[in-house]
Amino acid sequence: MTEVLKLLTRNVGKPNSTHVDAYMGSGGYESLMTVLHKWTPEQTLNEVKAANLKGRGGAGFPAGLKWSFLPKGKEVLKYLVCNADESEPGTFKDRLLIENDPHSILEGIIIAGWATQAAGCFFYIRGEMPAGARIFQKAVDQAYAKGFLGKNILGSGFNFDVWVSRGAGAYICGEETALMDSLEGKRGQPRLKPPFPAGYGVYGVPTNINNVESYANVPLIIRNGAGWYTAIGSPSAPGTRLFGISGHVKRPGVFELPSGVTLRELIYEHAGGILGDRPLKAVIPGGSSVPVLRADQIDVTMDPDGLKSVGTMVGSAGVIVMNDSVCMVKALLNLMEFYAHESCGQCTPCREGTHWLELIVRRLEEGGGRPSDCDLILDVAGNIMGRTICPLGDAAAMPAISFVQQFREEFEAHAREGRCPMRDVRMTAAI
Amino acid sequence: MSEQGVAELIKNPGFLAKVDRLVKSYPRPQTALIPILHLCQAELRHVPVEFQAFIAERLGLTPAHVRGVVTFYEMFSEEPHGRYLLQVCKTLPCMLTGSEALLEHLQNKLGIKPGGTTQDGRFSLITVECLACCDGGPSLMVNEALHKRVSTGDADRILSELE
Ligand SMILES: Cc1cc2nc3c(=O)[nH]c(=O)nc-3n(C[C@H](O)[C@H](O)[C@H](O)COP(=O)(O)O)c2cc1C
Ligand code: SF4
Ligand code: FES
C-alpha cells in the first residue's frame, strides 16, 4: 500500500499546532528566513517554477508560471489572494490546513509575496467557516507580533500585509474574479476575461490568486528544493495531494498521498472500502464538477494523465464514492439543484441551462420523464459548454453529460417505467 | 422589535467602534462591507433595510448597492431568523450519508419546513450547500457550531442542550 506522507499534514494533530511557537519549534518560518536573507525574488520564483507546483484549487495551472505573469518590480502595486472559499461539493482539504496549520499557509503566502514583490494578500475564507477565520486571523496577528508581517520584515526591507475577509455563502465566489468582486464589497459575479487578474485584479490592481493548499506547498519547496519536490508523485503533477474522500466509504477523510496513487487503492485501502460492503457503483474523482466514473474505471492513477485516460479530471481531489444503493438519476438531480441554485445568472446558457437540466432530471426521477430526455439532457448541457463567462457553466454540464453517458440505461429505465426503478432500495447511510 | 434593535445598534458605541476598525483594516473601505454585514447579521439575526441605509452612507455606497449585496449572499437575510439557525447540508456527499432522514426528522420534530421558524422564535430550519466537511456527513451547523455525523438521536440531543 502506498504510504501516507506527512508533508502538508506534518503538524495536523500535534498539540497547539495553530500557534506560531509550535510551528517555529518544528522549523516553521525557516523557509521565509532563507528567501528573505539569501534569495532574490527571482530565485524564489524560479525555484517554485522548477518545482512545477500545480494549483490545487481545481484547474491545476502551474503556480510559478502564474506568478511570473505579474508585472515585475516593487514599484508596481500588486496583490495576492489566497482562495479559502472551499465550496466545491466533496472538497474539505483546505479546512484541514486552515484549522490545524494556518502558519504553513501563511508562510507560503509571505514567500509568494517576496517572490512577486506584492504589497499584501487577501485571505478570502468562506463565511461558513467562522472558526477557521478566527484561527487564521490569530495566526496573522502572531505573525505580525513576530515580525513576519508588516514593515521591513526580518530586516529585509520587504513590507507585506495580510487581510482576512469572509465570504457570505455563495459557491460562485470561489471563482477567482467573482471572489475579487466580493472583496470589493460587491455581488460576486465573475468578470469577463481578459483582462486577467495578473493585469487587473482586486481594485483593478494586478493580482495573483492561488488556493490554500497551493500556498502551503511553497515552504516545503523552498526548504527541500525543486529537485526533491519533483521526485514525489507523478511528473505531470509533482508533490503530494490532499485527497478528500467522502460518501459510501468506511473511513472517509483527508489522505495525503503522492499524486500517482490509484483510485482503487484510495478507495479500498486508505478509505477502508465500501460502506455496507456493497458493490461500488460510481465515483466522482475530483469534486462535483468533474465527469463521473463507473466502478470498472478505477484502476487509474490520481493524476492528470491517469484521469484523462478515462475522460475525467483531478479537479479539487475530492473523491465522492457511491455504492449500488444509489440511484444515479437522484444523485445527478442533487448536483443539478446545486448548480441551478449557485448560477450567478449573468449568462443566459448557464442561468437557463442549469434550470432546465434540473427540471428534466427531476421529472425523470419523479416519474414524468420522456424517452427523449437523455438526448435532451445531452443537448442542453452541450449548449452550455464553452458558451459562458466563467467555468461554472461547464462545471454543471460535465456531470450531466457524463452521468447520462455512463449510466444511460438507468436514465432510460426511469422514462420507460415512469418511475424510479430504485425507489424501494434503501440508500446506505453512514449513521 | 427589529426597528428598535437597529436604532439601538447603530448608536451603540461598542458596535460603531467595531465598524470603524473594520473600515480601517482593509486597503479600501468597501472591502469592509461584507464583514460589517456579518456583524449586523450576528447581532440582529438579519440585516434590515434601516441598517443597509446606515452602512451605505457610512461607506459612500448607494442603499441599492448594499441591498443587492445583502440579497445576493445566502448568509444575510432581510427577515430575522430564530435564535438558533439549524443548517442541514443537503449536497451529494451528505445526501449519500443520510441528510434526507436528518432533515425529515428535524421538520417533524419542529413542525416547520425549510425556511420556517418555530412560533416561539427559537429555531429556524434551512438547507445549505456543501459545508466543506463531507467526511463528517450528514453535517448540521447550529449557528456557528458544526456537528458531524449527526444521527436523528444526535440531533435530538443537540437541540435539547440549547436553551
Ligand atoms: C465556480 C467555481 C468555483 C471555484 N471554487 C474554488 C474554491 O472554492 N477554491 C479554490 O481554491 N478555487 C476555486 N475555483 C478555482 C479558482 O477560480 C482559481 O482557479 C483558483 O483559486 C486558482 O488557484 P490555484 O491555481 O492555486 O489552484 C473555482 C472555480 C470556479 C469556476
Ligand atoms: S457561467 Fe454561470 S455562474 Fe459563471 S458567470 Fe455565467 S451565469 Fe454566472
Ligand atoms: S456535502 Fe455536506 S459538507 Fe460537503
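All figures in this text were calculated on a predicted structure; none of them were measured in a lab. (Residues numbered from 1 in each chain as written. Chains lettered and ligands numbered in written order. Predicted model: local features only at pLDDT ≥ 70, side-chain atom pairs only at ≥ 80, totals over all residues. Heavy atoms only, no water.)

A word on the pairing of strand 9 (residues 280-284) of chain A. Residue and element names in this part refer to chain A. Burial analysis of strand 9 places five of its five residues in the buried class, which makes it a mostly covered element. Bridge count for strand 9 against strand 11 (residues 318-323) is four bridges, and the pairing is antiparallel. Pairing of isoleucine 284 across the sheet is with isoleucine 320, part of strand 11. Two elements, strand 9 and strand 10 (residues 293-294), share two bridges in a ladder whose sense is antiparallel. Following the sheet pairing, alanine 282 is matched in strand 10 by arginine 294. (Buried < 20%, exposed > 50% of the residue type's maximum accessible area, 1.4 Å probe, protein only. Helix = DSSP H or I, 4+ residues; strand = E, 2+ residues; numbered from the N terminus. Pairing = 2+ DSSP bridges.)

A few words on the site of ligand 2. What surrounds ligand 2 is a group of 13 residues, the closest being Cys344, Cys347, Cys350, Thr388 and Cys390 of chain A. Per-class residue counts for the shell around ligand 2 are eight nonpolar, five polar and no charged. (Near = heavy atom within 4 Å. Nonpolar A, V, L, I, M, F, W, Y, C, P; charged D, E, K, R; others polar.)

For the rest of this paragraph, the subject is the site of ligand 1. All names here are of chain A. Neighbouring ligand 1 are 19 residues; Gly57, Lys66, Asn210, Asn211 and Ser214 lie closest to it. The separation between an oxygen atom of ligand 1 and a polar main-chain atom of glutamate 176 is 3.0 Å. Summarising the interface, the protein chains cover 90% of the accessible area of ligand 1, which totals 610 Å² for the free molecule. Along the lines of polarity and charge, the residues of the shell around ligand 1 split into five nonpolar, eight polar and six charged. (Polar contact = N/O pair within 3.5 Å; in protein donor to acceptor, adjacent residues only side chain to side chain. Areas by Shrake-Rupley, 256 points an atom, 1.4 Å probe, with all protein chains shown as cover.)

This brings us to the sheet that holds strand 3 (residues 161-166) of chain A. All names here are of chain A. Pairing within the open sheet is parallel, and its four strands lie in the order 3-2-1-4. Every other strand in the sheet has two partners, leaving strand 3 and strand 4 (207-211) as the edge strands with one partner each. Within the sheet, the average angular offset between the axes of one strand and its neighbour, ignoring direction, is 20°. Judged from the six bridges that link them, strand 1 (residues 79-84) and strand 2 (residues 120-125) form a sheet pairing that is parallel. Note that in strand 2 the partner of alanine 84 across the bridge is isoleucine 125. (Axes fitted to C-alpha atoms, helices over the stretch in contact; angles between N-to-C directions.)

Attention now moves to the packing of helix 5 (residues 93-100) of chain A against helix 9 (residues 212-224) of chain A. Residues and elements named next belong to chain A. With their axes 9 Å apart at the nearest point, helix 5 and helix 9 run at an angle of 55° to one another. Taken together, the axis directions place helix 5 and helix 9 in an arrangement best described as oblique. Across from Lys93, Asp94, Leu97 and Ile98 in helix 5, the residues of helix 9 making contact are Val212, Glu213 and Ala216. (Parallel < 35°, antiparallel > 145°, perpendicular 65-115°, else oblique. Contact = heavy atoms within 4.5 Å.)

Our focus in this paragraph is the pattern of salt bridges. All names here are of chain A. Evaluation of the coordinates by the stated rule reveals 32 salt bridges over all chains. The partner of glutamate 410 in a salt bridge is lysine 281, with the nearest N and O atoms 2.9 Å apart. One end of the pair, glutamate 410, is in helix 17 (residues 408-417); the other, lysine 281, is in strand 9, with 129 residues separating them in the sequence. For glutamate 410, a relative accessible area of 13% corresponds to the buried category. Relative accessible area serves as the criterion here: at 14%, lysine 281 is assigned to the buried category. (Salt bridge = Lys/Arg side-chain N within 4 Å of Asp/Glu carboxyl O.)

Another aspect to go through is the domain arrangement of chain A. Buried accessible area, meaning the area lost when the parts come together, often serves as the stated size of an interface. All names here are of chain A. Domain boundaries in chain A define domain 1 (20-231), domain 2 (234-323) and domain 3 (328-430). Just the C-alpha atoms count here: the centres of domain 1 and domain 2 sit 27 Å apart. Taken together, the 18 residues of domain 1 in the interface contact 22 residues of domain 2. Together domain 1 and domain 2 conceal approximately 1500 Å² of surface at their shared face, both sides included; 55% is due to carbon and sulfur atoms. Where domain 1 packs against domain 2, one counts zero salt bridges. Counting across the domain 1 and domain 2 interface gives nine residue pairs in polar contact (both at pLDDT 80 or more). Among the elements of the structure, helix 5 and helix 10 (226-230) are those that each provide at least two residues to the side of domain 1 that touches domain 2. If one sorts the elements of the side of domain 1 that touches domain 2 by residue count, helix 5 sits on top with three residues. Here the side of domain 1 that touches domain 2 is built from residues that sort into seven nonpolar, six polar and five charged. (Domains from an automatic or database assignment. Buried area = accessible area lost by both parts, 1.4 Å probe.)

Moving on, we get to the pairing of strand 2 of chain A. Successive residues of a regular strand alternate their side chains across the two faces of the sheet. Residues and elements named next belong to chain A. Taking burial as the measure, the six residues of strand 2 include six buried ones, the bulk of the element. A two-sided burial pattern is seen for strand 2, the buried positions comprising Gly120, Phe122 and Tyr124 on one face and Cys121, Phe123 and Ile125 on the other. Note: strand 2 against strand 3, six bridges, orientation parallel. In the sheet register, cysteine 121 faces strand 3, and the bridge partner there is valine 162. Tracing the backbone out of strand 2, into helix 7 (residues 130-145) and back to the parallel element strand 3 gives a crossover that is right-handed. (Right-handed = clockwise from strand over helix to strand, strands pointing away.)

By the definition in use, this model includes 20 aromatic pairs over all chains. An angle of 85° between the planes, with centres 5.9 Å apart, marks the rings of phenylalanine 122 of chain A and tyrosine 203 of chain A as edge-to-face. Of the two residues, phenylalanine 122 of chain A sits in strand 2 while tyrosine 203 of chain A sits in the loop between helix 8 (176-183) and strand 4, which places them 81 residues apart along the sequence. Each ring, one from phenylalanine 51 of chain B and one from phenylalanine 54 of chain B, has its centre 5.4 Å from the other, and the planes form 50°; the classification is tilted. Taken together, the positions of phenylalanine 51 of chain B and phenylalanine 54 of chain B, both in helix 4 (residues 49-59) and three residues apart, correspond to about one turn of that helix. Residue phenylalanine 51 of chain B shares its accessibility class with phenylalanine 54 of chain B, and that shared class is buried. Through successive ring pairs, a cluster of aromatic residues spans Tyr79, Phe122, Trp163 and Tyr203 of chain A. (Phe/Tyr/Trp six-rings, centres within 6.5 Å; stacked < 30°, edge-to-face > 60°.)

This paragraph deals with the interface of chain B and chain A. On the chain A side, the residues contacting the 43 residues of chain B number 59 residues. Taking both partners together, chain B and chain A bury about 4100 Å²; carbon and sulfur atoms supply 62% of that area. Area buried by chain B at its contact with chain A is led by Phe72, Leu92 and Leu96 of chain B, which between them contribute 16% of it. Scanning the region where chain B abuts chain A turns up two salt bridges. The interface formed by chain B and chain A includes 24 residue pairs in polar contact (both at pLDDT 80 or more). Where the side of chain B that touches chain A is concerned, the elements lending two or more residues are helix 3 (33-44), helix 5 (63-72) and helix 6 (92-97) of chain B. Grouping the constituent residues of the side of chain B that touches chain A by class yields 23 nonpolar, twelve polar and eight charged.

Further remarks concern the sheet that holds strand 2 (residues 123-128) of chain B. Residues and elements named next belong to chain B. Reading across the sheet, the four strands line up as 2-1-3-4 and stay open at both edges, with mixed pairing between neighbours. Both edges of this open sheet fall to strand 2 and strand 4 (145-147), since each of them pairs with a single strand only. Pairwise comparison of adjacent strand axes, ignoring direction, gives a mean angle of 20° for this sheet. Examined bridge by bridge, strand 1 (residues 84-89) and strand 2 share six bridges and lie parallel to one another. Each residue of the ladder has a partner; that of cysteine 89, found in strand 2, is valine 128. Sheet strands in contact with helix 7 (residues 99-110) are strand 1, strand 2 and strand 3 (140-142), and its direction is about 150° off that of strand 1.

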